[in-house]
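Remarks on the overall topology
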Amino acid sequence: LGMSKSWSCFGYPLSIFFIVVNEFCERFSYYGMRALLILYFTNFIRWDDNLSTAIYHTFVALCYLTPILGALIADSWLGKFKTIMSLSIVYTIGQVVLSVSSITDLTDHNHDGTPDSLPVHVALSMIGLALIALGTGGIKPCVSAFGGDQFEEGQEKQRNRFFSIFYLAINAGSLLSTIITPMLRVQECGIHSKQACYPLAFGVPAALMAVSLMVFILGSGMYKKVQPQGNIMGKVVKCIGFAIKNRFRHRSKTFPKREHWLDWAKEKYDKRLISQIKMVTRVMFLYIPLPMFWALFDQQGSRWTLQATTMSGRILNISPPLPLQTVNAILIVIMVPIFDAVLYPLIAKCGFNFTSLKKMTVGMFLASMAFVVAAIVQVEIDKTLPVFPNGNEVQIKVLNIGNNNMNISLPGEIVPLEPMSQTNGFLTFDGNKLTSINISSPGSPVTAVTDNFEQGQRHTLLVWAPSHYQVVNDGLNQKPEKGENGIRFVNTYNELITITMSGKVFANISSYNASKYQFFPSGTKGYTINSTEIPPQCQTNFNTPYLEFGSAYTYVIQKKNDGCPEVKTFEDIAANTVNMALQIPQYFLLTCGEVVFSVTGLEFSYSQAPSNMKSVLQAGWLLTVAVGNIIVLIVAGAGQFSKQWAEYVLFAALLLVVCVIFAIMARFYTYINPAEIEAQFDEDEKKKSLEKSNPYFMSEANSQTQM
């Protein structure tokens, strides 16, 4: 240790700078990967929203269950340094496996840009995620405790400051990664076909994890490495087990009661251990209601992200839905110092004793209010959303692309359509009862439309001459993802037409037919029309109107008298109208809740834990986060709400109830100072040993007090 004395900087041990940088890189790596996960599941592996949300929360829960494993390995076997090192290697391997799983060309043998065998990708990504969960969770309770170990006695002030810096490093890492990783995903890459670049977006976090490991090893010579303390958890479990067994043995009325159930262990275990375990169990009891807070908090990564895709990102003008997750991290980086330096001192000045547990109660209340706001926003959004077909329904829209007036008779109604016009929105029918659809124009016979309309889908019926029609399955029965806009073209020329629109090609659209939809972010897009039938002097470059967020359009290419093309626009799905700025209040409330709840909880767990169980209680705190994610799985799985706002209201109500219960429990908690209690034991032991060595000294002292 003579060495490590010289390595200091601004009164801090130099080694902690390596630890803070290591934590920053690790969090960047973790959050960068996590920001993509839900979109990777829905867009690449093509799972639906509910399954994606379920797998996402299972993964997050795993990441918070594994810390217990890490704390055990570090405390009783390898020590913190070796644990962090070996698990970081596992972690890096996991990140690499995950990025390999997202390479389309791995199984895409026919080079069409979609993987031919999805199970290979699913299996690889699950293996990768399992290794990541083991790595990130295992090192979590060790890194902060290892940082705490670097300080000498009498450096309490610096050590507390270190924990604040540590929390800011976590959020700075998460902030930068949630901004940068999505930018990487938008890049196009691929050997044979170009698409969203998941391998690059997952690869950057993998590289950063490797950097994090290097930085940690670099500081190796400076660290103060505390030897593992023997199996402390084993002792705790045995002691609790013995107390319960012993209490059960002496359950009859004849035995005197003992003050605390753990006192039944005193035949076999020493008083110090028993009192330390009492501290831990009292805190653990308080932890029981806390998972409900995390159940709400962690939905900003899943449900709230999906809510953002149905909103208009006009204010932020960045492609949604990621910017708002970064709002959380930005707010944290701003709010932690404000709360610590301004708000808490102000409250203290007003003479209100704002204890740790009161802060945590307020945090829960704020999170509950955030979900009430989310529900109100959801109701606003629901008013504007189009109706999509359910299981056995079929939706049909008729679009007249010819020069004749047409009459379309559908079950229950007859719709007249002028040239170049469409029905007012989509009409919904029961797929099993969809019998006859006929088209006719004045003075010509009736033509029956024969088509097996696919249930649960939207269809467009193109009509142009008395007996000519074409049924197109739209293939779009939800809002376009990520707030993009769907565009398709209809060709009314006789020859094939090819269109290029900001880098994407609509190839060879046949006569009187529609192309598939392709998707574009908001803005004005230029496009070029190519066909042998278009005279050379015609203008073939056009611009779209300004595209907002989440809309879909059909552009009909029409032949003017001079043979030149003109384009008519028809709306298929209206753009999102509710502004994304409306999500800011709920993020603000939730973040304020997090600052008073999470930061306080860490400090509370640390201050109320006995010296040899700091890491165990940190792992216990992380366990509440894991249980929170499991609650989301159960609630979302048990009640499939037809209305999303109802689910938000349910969560808000649950947390309010829990908040009240917690407030009552907190009233009965008395704060302790573990260091003082342990010092008292040390003193008693000293007295005892003095008594043994010098009996006269003690009896003299006693006689003094009696006088």
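Residues numbered from 1 in each chain as written. Predicted model: local features only at pLDDT ≥ 70, side-chain atom pairs only at ≥ 80, totals over all residues. Heavy atoms only, no water.

1. Structural notes on unusual backbone geometry
Most peptide bonds take the trans form, and the phi angle of most residues other than glycine is negative. A positive phi angle is found at methionine 420, which is not glycine, with a value near 55 degrees. Relative to the elements of secondary structure, methionine 420 occurs in the loop between strand S7 (413–417) and strand S8 (421–422). The backbone of tyrosine 512 sits at a positive phi, close to 50 degrees, despite the residue not being glycine. Position of tyrosine 512 among the secondary structure elements: in the loop between strand S16 (504–509) and strand S17 (513–514). (Helix = DSSP H or I, 4+ residues; strand = E, 2+ residues; numbered from the N terminus.)

2. Let's talk about a nonpolar patch on the surface
Together, Val96, Val100, Ile103, Leu106 and Val120 line one region of the surface with nonpolar side chains, adding up to about 320 Å² of accessible area. Mapped onto the elements, isoleucine 103 comes out in the loop between helix H4 (80–101) and helix H5 (118–149). (Patch = residues over 30% accessible without salt bridge, like charges linked within 9 Å, V, L, I, M, F, W, Y side chains within 5 Å. Areas by Shrake-Rupley, 256 points an atom, 1.4 Å probe, with all protein chains shown as cover. Salt bridge = Lys/Arg side-chain N within 4 Å of Asp/Glu carboxyl O.)

3. Details of the pattern of salt bridges
Summed over the entire model, instances satisfying the criterion amount to 11 salt bridges. The shortest N-O distance in the salt bridge between glutamate 533 and lysine 559 comes to 2.7 Å. Of this pair, glutamate 533 sits in the loop between strand S19 (526–530) and strand S20 (541–543) while lysine 559 is found in strand S21 (residues 552–559), placing the two residues 26 residues apart along the sequence. Through salt bridges with shared partners, one network takes in Lys397, Asp474, Arg488 and Asp572.

4. What to know about the sheet that holds S19
Strand order across the open sheet formed by 4 strands is S16-S15-S19-S20, with antiparallel pairing between neighbours. Of all the strands in the sheet, just S16 and S20 have a single pairing partner and so form its edges. On average, adjacent strands in this sheet sit at an angle of 20 degrees to one another, irrespective of strand direction. Two strands pair when backbone bridges link them, and strand S15 (residues 497–501) and S16 are joined in this way by 4 bridges, in the antiparallel orientation. Following the sheet pairing, isoleucine 499 is matched in S16 by phenylalanine 506. (Pairing = 2+ DSSP bridges. Axes fitted to C-alpha atoms, helices over the stretch in contact; angles between N-to-C directions.)

5. Brief notes about the side chain of serine 99
Relative to the helices and strands, serine 99 is located in helix H4. According to the relative accessible area criterion, serine 99 is buried, its value standing at 9%. A distance of 3.0 Å separates a polar atom in the side chain of serine 99 from the backbone oxygen of valine 96. In this structure serine 99 touches Pro199, Phe202 and Gly203, once residues within four positions along its chain are discounted. (Buried < 20%, exposed > 50% of the residue type's maximum accessible area, 1.4 Å probe, protein only. Polar contact = N/O pair within 3.5 Å; in protein donor to acceptor, adjacent residues only side chain to side chain. Contact = heavy atoms within 4.5 Å.)

6. A short note on the state of the cysteines
Counting across every chain of the model gives 1 disulfide. One disulfide in the model links cysteine 538 with cysteine 564; its S-S distance is 1.8 Å. In this structure, the disulfide formed by cysteine 538 and cysteine 564 twists by about -80 degrees around the S-S bond and is classed as left-handed. Of this pair, cysteine 538 sits in the loop between S19 and S20 while cysteine 564 sits in the loop between S21 and strand S22 (565–573); the two residues are 26 residues apart in sequence, bridging distant segments of the chain. (Disulfide = S-S within 2.5 Å.)

7. What to know about the nonpolar core
Membership of the largest hydrophobic core comes to 117 residues, with the highest contact counts inside it found for Met33, Phe59 and Met364. Per element, the largest residue contribution to this core is 14 residues, and it comes from helix H2 (residues 15–44). If you count residues domain by domain, this core takes at least three from each of domain 1 (11–230) and domain 2 (270–384 + 578–695). Ignoring anything within four residues of it in the chain, the contact list for methionine 364 reads Pro289, Leu290, Phe293, Phe597, Leu655, Val658, Cys659 and Phe662. In terms of nonpolar packing, the next biggest core, distinct from the first, is built from 19 residues, Phe489, Tyr493, Leu547 and Tyr555 among them. (Core = buried A, V, L, I, M, F, W, Y, C linked by side-chain atoms within 4.5 Å. Domains from an automatic or database assignment.)

8. Quick word on the sheet that holds strand S11 (residues 447–448)
One open sheet accounts for 4 strands, arranged S7-S6-S10-S11; its pairing is antiparallel. Two strands in the sheet have a free side with no partner beyond their single neighbour: S7 and S11. Relative to S11, strand S10 (residues 438–440) is paired through 2 bridges, and the arrangement is antiparallel. In the strand pairing of S11, asparagine 438 is matched with alanine 448.

9. Focus: the pairing of strand S9 (residues 427–430)
Of the two faces of S9, the one lined by Leu427 and Phe429 is fully buried and the one lined by Thr428 and Asp430 carries no buried residue. As paired strands, strand S5 (residues 393–400) and S9 are joined by 4 bridges and run antiparallel to one another. Opposite glutamate 393, over in S9, you have aspartate 430 as the bridge partner.

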